[in-house]
Amino acid sequence: MASISYPAPQAQKSRRGRVRAHWKSLRAALKCGSLCGLSNADTISAYSEDLEKRGSYDLRSSVVASTVTAQGSDEKVPHAKSETTETRSQKALVVTKTRDYAIEHAFPVPHVADNEVMIRTVAVGLNPIDWKSVDYNFCLPELPWITGREMSGVVESVGKSVTTWQAGDKVWTSTYYRDRRAGCFQEFVVVPGHTVNRMPEELSFEQAACLGVAALTASMTLWRWLGVPMASAGDEAISQNENSAWLLIWGGSTVTGQFATQLAIQSGIKVITVNSQRTSEISYRLGASHVVVRDGKSEEELVEEICRITDGRITRAIDLVGIKTASVALKAISTSPSVVFAPLAMMAKDTLVPDNVRVETVEMKQYVLDSTCEVYAERLNNLIGQGRVAMPEITVIAGGLQEVVQGLDILKRGDMGGKKMVVRF
């Protein structure tokens, strides 16, 4: 933080007079901070520390509890409740300007707006996007930044407009990368209230920490983008028959693939997955009607097996592996009458898309930007609570933030074999 000399308030006899003097001094500090390129939050934090050094403890809350707009800036000073958290510090795993990881032990605790919730982190789920965004420099609006897309924890505080949640509630959430306060690799995470979900009683914090990416992505991909009827809130899945439509999942043992398999079955859809021999048992156990083992088979052999088993009745397809497999999946569904395809692991721009296929771009940011999407998380929670959706096997690393990088390195090195990596704080 840049160093600023703050004008000392003139001595006043009455407390009211002293507060007014500090108000005047604070306004001058904000103007000075703005000229030095500091945010209002940083300026106020430094000003508050300066008050403490001068022994003005009784005035600190009165002065800082205002909403003042700095000259030449639209950024507003948080209200008193928010500023109390803003001046606190926490530990955070920060992506530095050189795109390395560093643990900051005095990182500011985020402020909480009226419609937001602050969650104390208990467990975080790790995902390939976490290390890929750093290695390949995307989804990092600026540096330093805080990454991490899913977590579970305990509500610490709520904004004044939030009535659904209160301190102490056990919750999970899915976050959007464009808000540093929502990066999950820190002790306190701040998110919009509509993105917070109660932890199913049957789950541990570690299990709940894997709902925000894989489970929610599977849910929204099927129900929002691929047009699969949302599974009913009743106790039974829709029954299948010989004429039921098929869903192709390339990468059935991935955690997202595991959730997608179960959710599709709950809606009465048959599932065919493509797996390795080592992980084929996972998809069968979760209810897949057929598993295509890819080991030792050519692309032509894989396509032939998929077409033969499904008899041209694939109506939806998801690829969870990569650009090459997306292209092969398109060949496998080219004989079906009409198919909706979601290439969740990317697809090359020059990929030839058959006339019978409509490609959907899945944007999980909509969960945060569109509050009506909360219905997907609510139904997912219901299905888990009813025991109709099983959780994946989880590998837990204890030790908190300092172990996150180790966990990401493990993800980067190889196949998790259908297991989910979670770090416990």
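Starting afresh in each chain, residues are numbered from 1 along the sequence in its written order. A pLDDT threshold of at least 70 governs which residues receive local features in this predicted model, and a stricter bar of 80 or more applies before side-chain atom pairs are shown or counted, although totals over entire chains, interfaces and linings include all residues. Based on all heavy atoms of the structure, the side-chain values leave hydrogens and waters out of the count.

> Quick one: what's the story with helix α8 (residues 255-266), residue by residue and with numbers?
Taking 1.5 Å as the rise per residue, α8 with twelve residues should run 16 Å; its terminal C-alpha atoms sit 17 Å apart, in good agreement. When accessible area is computed with a 1.4 Å probe and restricted to protein chains, residues below 20% of their type maximum are described as buried, those above 50% as exposed, and intermediate ones as partly exposed. Secondary structure is summarised from DSSP: a helix means a run of H or I of at least four residues, a strand means a run of E of at least two, and numbering begins at the N terminus for each. Of all twelve residues in α8, twelve are buried, a share of seventy percent or more. Among the residues of α8, Val 255, Thr 256, Gly 257, Gln 258, Phe 259, Ala 260, Thr 261, Gln 262, Leu 263, Ala 264, Ile 265 and Gln 266 are the ones counted as buried. Trailing α8 by a residue or two, Gly 268 shows a phi angle of about 85°, which is positive. Helix span, expected: 1.5 Å multiplied by one less than the number of residues in the helix.

> So, the packing of helix α7 (residues 211-225) against helix α13 (residues 374-385): which residues are in play, and what are the values?
What counts as an axis is a line fitted to C-alpha atoms, over the stretch in contact for a helix, and the angles between N-to-C directions run from 0 to 180 degrees. Two elements in contact, α7 and α13, have axes whose closest approach is 10 Å; the angle formed by their N-to-C orientations is 110°. Classified by the angle between their axes, α7 and α13 sit roughly perpendicular to one another. On α13, the residues touching Leu 211, Ala 215, Leu 216, Ser 219, Met 220, Trp 223 and Arg 224 of α7 are Tyr 376, Ala 377, Arg 379, Leu 380, Asn 381, Leu 383 and Ile 384. Residue type decides the class: Asp, Glu, Lys and Arg count as charged, Ala, Val, Leu, Ile, Met, Phe, Trp, Tyr, Cys and Pro as nonpolar, and the leftover types, Gly among them, as polar. Across the contact of α7 with α13, the residue classes tally to ten nonpolar, two polar and two charged. Orientation is classified from the angle alone, with under 35 degrees giving roughly parallel, over 145 giving roughly antiparallel, 65 to 115 giving roughly perpendicular, and any other angle giving oblique. Between two residues, a contact is recorded if the distance between any of their heavy atoms is within 4.5 Å.

> So what about the side chain of Thr 121? Which residues, and what values?
Mapped onto the fold, Thr 121 is located in strand β3 (residues 116-125). Reaching out from Thr 121, the side chain makes a polar contact with the backbone oxygen of Gln 186 at a distance of 2.8 Å. Beyond its immediate stretch of four places on either side in the chain, Thr 121 contacts Met 151, Ser 152, Cys 184, Gln 186, Glu 187, Phe 188, Val 189 and Phe 425. Distance and chemistry together define a polar contact, namely a pair of N or O atoms within 3.5 Å, with one atom able to donate a hydrogen and the other to accept it when in protein, and with adjacent residues in sequence counting only for side-chain atoms on both sides.

> An account of the environment of Leu 140 is needed here, citing residue identities and associated values.
Position of Leu 140 among the secondary structure elements: in the loop between α5 (128-135) and β4 (150-158). In this structure Leu 140 comes out as buried when scored by relative accessible area, which is 13%. Excluding residues that lie within four positions of it along the chain, Leu 140 makes contacts with Arg 99, Ser 133, Val 134, Trp 145 and Thr 147.

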